[in-house]
Amino acid sequence: MTRVYASTVLDAPLDRVWQILRDFNGHDRWHPAIAQSHIEQGAPDRIGAVRNFRLQDGAVLREQLLSMSDMAHEFRYCLLSSPLPLMGYVAKVRLRPVTDGSQCFWEWSSKFTPPPYREAELVTLVRDGIYRAGFSAIRDALAGHVPPKSRPAMPAVRANTKTTQAIVVQAYGGPEVMQLQEVDLPDPGRGLVQIRHTAIGVNFIDVYCRSGRFLLLQPPGTPGMEAAGVIEAVGPGVSGISVGDRVAYACPPVGSYSARRTMAPDLMVHLGPDISDLTAAASLLKGASASFLLHDIAKVQPGMSVLIHAAAGGIGQILVQWAKALGCEVFATSSSPDKLRRIKSLGADHLIDYTVQDFAAVVKDQTGGRGVDVVFDSPGKTTFAGSLDAVAVRGHVISFGQASGPIGLCDIDRLASKSLTISRPNYAHYTDTPERLGAHVSRFFAAVRSGAVTLQDPAQYPLANAADAHRDLEARTTMGALVLVP
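Only a predicted model underlies this, so the values are computations on that prediction, with no experimental measurement involved.

Quick notes on the rules
- Within each chain, residues carry numbers counting from 1 in the order of the written sequence.
- The predicted origin of the model limits local features to residues at a pLDDT of at least 70 and limits the giving and counting of side-chain atom pairs to 80 or more, whereas totals for whole chains, interfaces and linings rest on all residues.
- For side-chain calculations, the full set of non-hydrogen atoms in the structure is used, while hydrogens and water are omitted.
- As a rule, the C-alpha atoms of each element are fitted with a line to give its axis, helices using only the stretch in contact, and angles between N-to-C directions run from 0 to 180 degrees.
- Each helix is a run of DSSP H or I of at least 4 residues and each strand a run of E of at least 2, with the numbering of both proceeding from the N terminus.
- Note that the term roughly parallel is reserved for angles under 35 degrees, roughly antiparallel for angles over 145, roughly perpendicular for angles of 65 to 115, and oblique for everything else.
- Whether two residues touch is decided by their heavy atoms; if any such pair falls within 4.5 Å, the residues are in contact.
- Here the term charged refers only to Asp, Glu, Lys and Arg, the term nonpolar to Ala, Val, Leu, Ile, Met, Phe, Trp, Tyr, Cys and Pro, and the term polar to all other amino acids, Gly among them.
- For the purposes of these results, a polar contact is taken to be a pair of N or O atoms within 3.5 Å, where, inside protein, one atom must be able to donate a hydrogen and its partner to accept one; residues adjacent in sequence count only when each atom of the pair is a side-chain atom.
- For two strands to be treated as a pair, DSSP must find no fewer than two bridges joining them.

Undergrad: Would you take a moment to explain the packing of helix 4 (residues 277-297) against helix 11 (residues 434-450) for this structure?
TA: Contact pair helix 4 / helix 11: the axes reach a minimum separation of 8 Å and the direction vectors enclose 95 degrees. Classified by the angle their axes make, helix 4 and helix 11 are roughly perpendicular. When helix 4 is examined against helix 11, the residues Ser283, Leu284, Gly287, Ala288, Ser291, Phe292, His295 and Asp296 are found in contact with a partner set consisting of Leu437, His440, Val441, Arg443, Phe444 and Phe445. A per-class count over the contact of helix 4 with helix 11 returns 7 nonpolar, 5 polar and 2 charged.

Listed below in structure tokens is the structure:
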């Protein structure tokens, strides 16, 4: 978590400054970066209100007022959507009287989680471009040098604003909270591009975001971290990407469940003519994940034995094939005869229906009591204890999902009985730079091109039916990858 703090002393009474700052919809009248602002849906300017404002460079941001106190002279707000990756951004403005004289002390602070390779850039932008620029603007206005900007009349809905269709989560909950809506689509400012999505990947991390288990999405917001499409516009300062390029991405911030999107292109990858948009959207995140799971974390070698849970799922099918191609003995679990037949066709050595079999007992029986070298565990709650039982002495259990729920507390002393290694990798930590992501994508696509990994055609859902895709994913009725088509 990154924290940014800035402060200043203003030569004006606290009440005078507070009168300007407490207007949550008033930034466009004094901050030099903001061109226009309005409270969405015509709601009053009060706690819970969402302000939608357009910057001078054309970018659109949405912020929500979380708290305000006239007694303490402070308020807090959060960022709901932005073209910049300021994940989890929460800010606080506070005024304090200065003991001597009629001055006031102004603090402006925030915390957020940026991509590591952009942290310095974003800290400078927030501190200097937002906070210190705001200090100067208010100071000049109070001194009479520059009057506050007059706000132009704004309709509740701006007719000249570009929009696009997107799935919006108004509040955390089940699939039913996802609704197709028209949302603002800003023109790409400096360092940004606009992409028209042709296919959008559906992943379990989207379920976690929708339900509130992962706080990568702040309602109202749009889920999704993976998509493929065509570049339609490029902002100033962008190099290496041009209008008409076919690209794909699998990275935060969330927002891919949309027909079009404006975002930074840092982690976009170009698609070759042999990789279709559907294939890229269905497999980029899963393929990059399989790459670092197998090569960076498990470091599998020929002759090793691995257990792969949920092997008929999107990432499970990739892991089965790739591990087999790398020379591993593969144990695979799933929950139905159809899924097990699919896994067998991918080359798994041992098939286990964990709805009727004790998978740990089967593994130990087939390995003479030894267990497997590595377990790839994505279900979580329902399989983790058995995974610890099924792994060999000095084995490695990699918990990379919690489809059935969090694993809960784990007694570390329990691991000593086998000298076990437990890993809980975070996708972003292995794909947070173009170099890291590029290495995994290149390795994965090479495996696809060589035939080591073959990809099943994904199940397709219209964008408007995203809720159905989530229901099917959570009900385990799907096999392989899912995509939304705008």
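Undergrad: How should I be thinking about unusual backbone geometry in this particular structure?
TA: A negative phi angle characterises most non-glycine residues, just as the trans form characterises most peptide bonds. For the bond running from Pro219 to Pro220, omega is -10 degrees, close enough to zero to count as cis. Position of Pro220 relative to the elements: it lies in the loop between helix 3 (204-211) and strand 11 (226-234). In this structure, Lys299 is a non-glycine residue whose phi angle is positive, near 50 degrees. Tracing the chain through its elements places Lys299 in the loop between helix 4 and strand 15 (305-308). One non-glycine residue, Arg476, adopts positive backbone phi at about 60 degrees. Within the fold, Arg476 resides in the loop between helix 12 (466-474) and strand 22 (482-485).

Undergrad: Looking at this model, I keep getting lost on the side chain of Thr222. Mind explaining?
TA: Inspection of the secondary structure puts Thr222 in the loop between helix 3 and strand 11. A distance of 3.0 Å separates a polar side-chain atom of Thr222 from the backbone oxygen of Ile167. Setting aside its immediate chain neighbours within four residues, Thr222 contacts Ala166, Ile167, Val168, Leu217, Val254, Gly255 and Tyr257.

Undergrad: Help me understand the sheet that holds strand 6 (residues 87-97) in this model?
TA: Strands belonging to one sheet form pairs held by backbone hydrogen bonds; the direction of such a pair is parallel or antiparallel. The antiparallel open sheet is built from 7 strands, whose spatial order is 1-7-6-5-4-3-2. The sheet terminates laterally at strand 1 (2-10) and strand 2 (34-39), the two strands that pair on one side only. Taken over all neighbouring pairs, the strand axes of this sheet differ in orientation by 20 degrees on average, direction set aside. Judged from the 9 bridges that link them, strand 6 and strand 7 (residues 104-113) form a sheet pairing that is antiparallel. For Pro97, the partnering residue across the bridge sits in strand 7 and is Cys104. Packed onto the sheet, helix 1 (residues 14-21) meets strand 1, strand 4 (60-69), strand 5 (74-81), strand 6 and strand 7 and runs at close to 155 degrees relative to strand 6. Of the strands in this sheet, strand 1, strand 6 and strand 7 touch helix 2 (residues 119-143), which is tilted by about 15 degrees from strand 1.

Undergrad: What is the right way to look at the packing of helix 3 against helix 12 in this model?
TA: Two measures define how a pair of helices packs: the angle their axes make with one another and the distance between the axes. Between helix 3 and helix 12, whose axes approach to 10 Å, the crossing angle comes to 110 degrees. Relative to helix 12, the element helix 3 is oriented roughly perpendicular. For the pair helix 3 and helix 12, the contacting residues are Phe204, Asp206, Val207 and Arg210 in the first and His470, Leu473 and Glu474 in the second.

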